[in-house]
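The lines below spell out each chain.
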Amino acid sequence: MQKISAFILAYNEAEKVKAAVETVLWADEIVVVDSNSTDGTPQIAESLGARVVQVPFNGFGDLRNRAIEACRYEWIFSLDSDERCTEAVRDEILALLAGSPPHDIYRVPRRNYMMGRRIRGSGWYPNFRQPQLFRKGAMRYTLEPVHEGYEVLSQKPLGTLHNAIWQFPFRNLEEVIRKMDRYSSLGAPKLAHKRVSMGSAFGHAVWAFLKHYFAKLGFIDGWAGFVIAFAYFEVTFYRYAKRYEATQNWGPPPSGPIRRP
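Residues numbered from 1 in each chain as written. Predicted model: local features only at pLDDT ≥ 70, side-chain atom pairs only at ≥ 80, totals over all residues. Heavy atoms only, no water.

Chemist: What exactly am I supposed to notice about the overall build of the chain here?
Modeler: Helix and strand content of the chain: 7 helices and 13 strands. C-alpha extents for the chain along the principal axes are approximately 85 × 45 × 40 Å. Across the 261 residues of the chain, 47% fall into the buried class. Considering only residue pairs separated by 6 or more positions, the chain has 74% of its internal contacts joining residues 24 or more positions apart. A total accessible area of about 13600 Å² is found for the chain, and carbon and sulfur atoms account for 55% of it. Across the chain, the centroid of the 34 positively charged side chains sits 6 Å from that of the 27 negatively charged ones. (Helix = DSSP H or I, 4+ residues; strand = E, 2+ residues; numbered from the N terminus. Buried < 20%, exposed > 50% of the residue type's maximum accessible area, 1.4 Å probe, protein only. Contact = heavy atoms within 4.5 Å. Areas by Shrake-Rupley, 256 points an atom, 1.4 Å probe, with all protein chains shown as cover. Lys, Arg positive; Asp, Glu negative; His and termini not counted. Charge placed at Lys NZ, Arg CZ, Asp CG, Glu CD.)

Rendered as structure tokens:
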């Protein structure tokens with residue numbers, strides 16, 4: 001049996017990291033890559049047997065590459081703190097590693113849950129991010145600060161697992177708003193090569209809402225689908241608006257000292 005490392009990214013995820021770590025206790029090692037959390041996340045992970053590595057946050061692409069470097073074994077399984085491995089995925093991975101895997105890199109489908117229900121529309125199933133199972137050295141992440149891509153370093157084509165992990169992207173609506181603000185700030189610099197305006201910010205935001213609510217069938221998920229589409233509206237609007245703001249010289253009108261006559 002070939003050995004496997006599981007790595008989990010975490011920052012102030014005390015409410016999520018325990019459940020994430022517990023779903024990969026079958027791995028030969030668990031590495032939690034933390035960025036100086038202050039809520040007890042590292043201590044929770046260590047209490048479950050994980051090895052915690054502190055990495056300053058310089059974008060998610062850099063963070064994931066540093067996570068790969070911290071892993072000791074030939075195969076790597078990437079899990080985020082809002083994701084949960086399932087028994088079916090565990091069994092599929094272990095069956096692959098018991099033989100000779102035909103691929104060096106595998107995509108893993110995700111089933112998303114939000115507002116107490118499984119999301120069927122909104123483009124969230126089958127929902128893939130970067131490949132989550134791969135041989136060490138077969139891929140690396142690109143250095144975008146958010147929604148980072150990846151580079152394939154293997155000559156073999158990508159494979160796809162049959163079974164899905166779970167994702168719980170938002171604990172509550174407050175987290176939706178918090179992530180929208182953070183991700184729009186991280187994404188704004190990616191628009192540096194584009195001409196933007198408040199009008200284009202609104203236009204792109206409207207398209208994002210229509211795409212996810214109608215074209216990607218978000219409406220079949222009720223209010224959860226509406227909230228997802230509206231979150232895409234907001235994160236898109238503020239991404240463009242923040243980029244526009246960076247090109248302007250907004251500030252209060254000039255003023256000077258005001259003294260008694």
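Now that the structure has been shown, the text picks up again.
Chemist: For this particular structure, what's the right way to read the sheet that holds strand β5 (residues 83-84)?
Modeler: Two modes of strand pairing occur in sheets, parallel and antiparallel, and in both the strands are linked by backbone hydrogen bonds. If you trace the 4 strands from one edge of the open sheet to the other, you get β5-β13-β7-β8, paired in mixed fashion. The open sheet terminates on both sides in strands that have one partner only, identified here as β5 and β8 (117-118). Across 2 bridges, strand β7 (residues 110-114) lies against β8 in antiparallel orientation. Bridge pairing in β8 links Met-114 to Arg-117. (Pairing = 2+ DSSP bridges.)

Chemist: Can you walk me through the nonpolar core in this structure?
Modeler: A general feature of soluble globular proteins is that nonpolar side chains tend to end up buried together. Residues Ile-4, Val-24, Val-32, Phe-77, Ile-93 and Leu-133 are the most contacted members of the largest nonpolar core, which totals 28 residues. Apart from the residues lying within four places of it in its own chain, the contact partners of Ile-93 are Ile-4, Trp-26, Phe-77, Leu-133 and Leu-161. Counting 19 residues, the second largest nonpolar core, distinct from the first, contains Ala-70, Ala-138, Tyr-141 and Val-146. (Core = buried A, V, L, I, M, F, W, Y, C linked by side-chain atoms within 4.5 Å.)

Chemist: What's the story with the packing of helix α5 (residues 173-187) against helix α7 (residues 222-246) in this structure? I'm lost.
Modeler: A pair of packed helices can be characterised by two numbers: the angle between their axes and the separation between those axes. Running from N to C, α5 and α7 cross one another at 30°; their axes reach a closest spacing of 8 Å. You can see that α5 and α7 cross each other, and the crossing is right-handed. Here Leu-173, Val-176, Met-180, Asp-181, Tyr-183, Ser-184, Ser-185 and Gly-187 of α5 come into contact with α7, specifically with Val-227, Ala-231, Glu-234, Val-235, Tyr-238, Arg-239 and Lys-242. Considered class by class, the residues forming the contact of α5 with α7 number 8 nonpolar, 3 polar and 4 charged. (Axes fitted to C-alpha atoms, helices over the stretch in contact; angles between N-to-C directions. Left-handed = near helix turned anticlockwise from the far one by under 90°. Nonpolar A, V, L, I, M, F, W, Y, C, P; charged D, E, K, R; others polar.)

Chemist: For this particular structure, what's the right way to read the sheet that holds strand β2 (residues 29-34)?
Modeler: Spatial ordering of the open sheet is given by β3-β2-β1-β4-β9-β6-β12, a layout of 7 strands whose pairing is mixed. Only two strands of the sheet have a single partner each, and these edge strands are β3 (51-54) and β12 (159-160). Pairing of β2 with β3, which is carried by 4 bridges, proceeds in the parallel orientation. When the sheet's bridge partners are listed, Val-32 is paired in β3 with Val-52. Lying over the sheet, helix α3 (residues 60-70) contacts β1 (4-10), β2, β3, β4 (75-80) and β9 (133-135), oriented at roughly 145° with respect to β1. Where helix α4 (residues 87-97) meets the sheet, it contacts β1, β4, β6 (105-107) and β9, and its direction lies at approximately 165° from that of β4.

Chemist: Honestly, the side chain of Thr-41 in this entry has me stumped. Any pointers?
Modeler: Considering the arrangement of structural elements, one finds Thr-41 in helix α2 (residues 41-47). Since its relative accessible area comes to 0%, Thr-41 is described here as buried. Here the side chain of Thr-41 touches Asp-39 through a polar contact of 2.7 Å, side chain to side chain. Leave out the neighbours within four places in its chain, and Thr-41 touches Ala-10, Asn-12, Glu-13, Ala-14, Val-17 and Asp-34. (Polar contact = N/O pair within 3.5 Å; in protein donor to acceptor, adjacent residues only side chain to side chain.)

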